[in-house]
Amino acid sequence: MAVCKVICLATLLTLLTQALVCGTAALNSRIVGGSSVATAGMWPWMASLQKNGSHVCGGTLVAVDSVLSDASCFSSTPTASEWTVVLGHLKLNGSNPFEVTLNVTNITLSNLTGSNVAVLKLSAKPTLSNYIQPICLDNGQTFSVGSTCWAAGWNSGRGGLEQVLQEIRISVVNCGNTTTSDSICTGSFTLEQGDSGGPMMCKIDGSWFQAAVLSASNNNTASRSRADAVMTFSKLSRYRSFLTQTVGMFLSPSPNVVTNSTTGTNVTTNVTTTSGSPAHSFFFCFHVLAFAVCLLLTL
């Protein structure tokens, strides 16, 4: 009987792990090029961090109850009750039929020398769909020089009257000798305060990973000369210990996404249900069945 209970527990843990994956964007077909204006579901982990109802910074859903952002968006002792997180958001002004607004119960800031990040705990777990999904966190991935990545964010003066979420294609470049191994660099692009907290995101083997948190405070465009065409960010892996303590175990990408090594295109075997959530694989169903059998054996 004790052995059965141990097997049941192991099966349950496996089941819970496989039930939620990261880095899946069913409505995103980004490979190269594209418009600067995003569409609904393009970046389903994007979050608008709002204070007293107004957008302040961006963020990303990195777990079912956690949002990652830039520490510079907050005071040294932020009051969680003043903040809300809006997921499934596309326009700062206008209709957002897929959005969900959640209260914040806690805000924790990292405390390293230099740039820092923030983790916001949500009051409830949002229902995941094609418009709300978590992104994968950098867990030792390699973002090689020349890699194509993307940045996204909201800011006044961009995106028309509705201030639609903006996106930009960027490339990883050599940081030179003035930075550390904790740095990742890109070509120069416009980055303003409302963009802070948003992601620098790259697609690896069919899944989206966040390589860095955007921070306007460390990349003030006005303070750089025209000859300085490099922007420097702290790799997310720099905060791995802090993120493990605040977010918990990092989510894993879907095992059903593979890369065709001949063409370089991404092929996914995920099936989307009518509710918009990715359907689980045969192995997930197998573990459900195994868990049910375990329960019967322990009765």
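Please read all numbers here as calculations on a predicted model, not as lab measurements. (Residues numbered from 1 in each chain as written. Predicted model: local features only at pLDDT ≥ 70, side-chain atom pairs only at ≥ 80, totals over all residues. Heavy atoms only, no water.)

### Side note on the pairing of strand E9 (residues 166-173)
So, point 1. As defined by bridge partners, strand E8 (residues 148-153) adjoins E9 across six bridges and the pair is classed as antiparallel. Across the sheet, Ala151 pairs through a bridge with Ile168, a residue of E9.
So, point 2. For E9 and strand E10 (residues 183-187), the ladder comprises two bridges, and the chain directions are antiparallel. Bridge pairing links Val173 to Cys185 in E10. (Pairing = 2+ DSSP bridges. Helix = DSSP H or I, 4+ residues; strand = E, 2+ residues; numbered from the N terminus.)

### Here we look at the sheet that holds E10
So, point 1. Ordered in space as E7-E12-E11-E8-E9-E10-E13, the seven strands form an open sheet in which the pairing is mixed. The open sheet has two edge strands with one neighbour each: strand E7 (136-137) and strand E13 (230-234).
So, point 2. Where E10 meets E13, five bridges bridge the pair, whose relative direction is antiparallel. Across the sheet, Ser183 pairs through a bridge with Ser234, a residue of E13.

### What to know about the pattern of salt bridges
So, point 1. All chains considered together, the criterion is met by three salt bridges.
So, point 2. The closest approach of N and O atoms between Asp65 and Lys121, which form a salt bridge, is 3.7 Å. Of this pair, Asp65 sits in the loop between strand E2 (54-63) and strand E3 (66-70) while Lys121 sits in strand E6 (residues 117-122), placing them 56 residues apart in sequence.
So, point 3. Judged by its relative accessible area of 24%, Asp65 falls in the partly exposed class.
So, point 4. Where Glu162 meets Lys91, a salt bridge forms, and the shortest distance between an N and an O atom there is 3.5 Å. (Salt bridge = Lys/Arg side-chain N within 4 Å of Asp/Glu carboxyl O. Buried < 20%, exposed > 50% of the residue type's maximum accessible area, 1.4 Å probe, protein only.)

### Quick look at the pairing of strand E5 (residues 100-109)
So, point 1. Pairing of strand E4 (residues 83-87) with E5, which is carried by four bridges, proceeds in the antiparallel orientation. Paired with Thr84 across the strands is Asn103, a residue of E5.
So, point 2. Note that E5 and E6 share five bridges and pair antiparallel. Following the sheet pairing, Thr108 is matched in E6 by Val119.

### A short note on the sheet that holds E2
So, point 1. Taken together, six strands build a closed barrel; the order of strands is E1-E2-E3-E6-E5-E4 and the barrel is antiparallel. Between one strand axis and the next, the sheet turns by 40° as a mean value, whatever way the strands run.
So, point 2. Examined bridge by bridge, strand E1 (residues 46-51) and E2 share six bridges and lie antiparallel to one another. Along E2, the bridge assignment pairs Lys51 with Ser54. (Axes fitted to C-alpha atoms, helices over the stretch in contact; angles between N-to-C directions.)

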